[in-house]
Amino acid sequence: MTPDERLLPLEGVENFRDYGGYAVPGGLQVRRGRLWRSAHHGAATDADLARIAGLGLAAVVDLRRPTERANQPSRRPEGFGARVIDCDQGDQAEPPHVAFLRETDLSAQSARAFFLDYYRRAPFEPRHIELFTRYFEALGEGAPVLIHCTAGKDRTGLLAALTHSLLGVHPDDAAADFELTNRAARIEARLPQVTQSLAETLGRTPSETAVRAFLGVDGAYLAAAFDAITAEHASIEAYLARLGVDPRAAGRLREIWLEPMEA
């Protein structure tokens, strides 16, 4: 699949795309059109909802905190029947990146340092452990799944990358999928509005470079998360076992989610 083939262009939902379709050894590929990722759906239009309804989703994994869900409630298609997986653990007054922005110089360097630290900690947060575990349980049902957070890039990107690792996707392809956010999130088009919104919230205007850093991703962030996992658990496989995906379950998920490569 090309990057364009992955994208589902919607009017009010950013970064909506298929994270299946990647090749794995043995002439196989991850199933297409059944694994989806995106930003939040609070601004979804009626046309967006109609397109989402056509995906036949069986489960939606909302990785956001309770305050995030309350501030931007998800819009759902009429007759929506998918199971919603969310978690009320670990809420706080405001998202960590907003708290960080209030307290720093808003430079690109401080933004990068924040995200590197965030990714090193994110795999081990109790709420993420719960949500990731329930996500992999949902994958065992073999039906279409959507994962999303607020921007669809950090929590969502980490979970998609863990899925790719489990299924045998090459690390270069997993990294490319992670970094596709930098195109799919329409950063340049959204830059002025996001900058203004942050200025109103913070009482000072962040630099353009810092806003770009917060809207996008860097492959070094994902590498930091995987390095932290390996340091803590010795391997990604051992970490996945903590999430309930032991070797037997991993084999079963590969049977479900891999198919012969299309000619």
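Description of the structure in this document.

Calculation rules
Residues numbered from 1 in each chain as written. Predicted model: local features only at pLDDT ≥ 70, side-chain atom pairs only at ≥ 80, totals over all residues. Heavy atoms only, no water. Axes fitted to C-alpha atoms, helices over the stretch in contact; angles between N-to-C directions. Helix = DSSP H or I, 4+ residues; strand = E, 2+ residues; numbered from the N terminus. Left-handed = near helix turned anticlockwise from the far one by under 90°. Contact = heavy atoms within 4.5 Å. Nonpolar A, V, L, I, M, F, W, Y, C, P; charged D, E, K, R; others polar. Salt bridge = Lys/Arg side-chain N within 4 Å of Asp/Glu carboxyl O. Buried < 20%, exposed > 50% of the residue type's maximum accessible area, 1.4 Å probe, protein only.

1. Let's talk about the packing of helix 5 (residues 108-121) against helix 12 (residues 219-233)
Stage number 1. Two elements in contact, helix 5 and helix 12, have axes whose closest approach is 7 Å; the angle formed by their N-to-C orientations is 35 degrees. Seen from above, helix 5 lies across helix 12 with right-handed handedness. Where helix 5 abuts helix 12, its residues Arg112, Phe115, Leu116, Tyr119 and Arg120 lie against Ala220, Tyr221, Leu222, Ala224, Ala225 and Ala228.
Stage number 2. For the contact of helix 5 with helix 12, the per-class residue count stands at 9 nonpolar, no polar and 2 charged.

2. Describing the pattern of salt bridges
Stage number 1. Under the counting rule described, the total for this entry stands at 19 salt bridges.
Stage number 2. The partner of Arg64 in a salt bridge is Asp62, with the nearest N and O atoms 2.9 Å apart.
Stage number 3. Look at Arg64 and you get buried, because its relative accessible area is 1%.
Stage number 4. A salt bridge links Arg112 to Asp218; its shortest N-O distance comes to 2.8 Å. Note that Arg112 is positioned in helix 5 and Asp218 in the loop between helix 11 (208-215) and helix 12, a separation of 106 residues in sequence.
Stage number 5. A single salt-bridge network, built from bridges that share partners, covers Arg17, Arg37 and Asp177.

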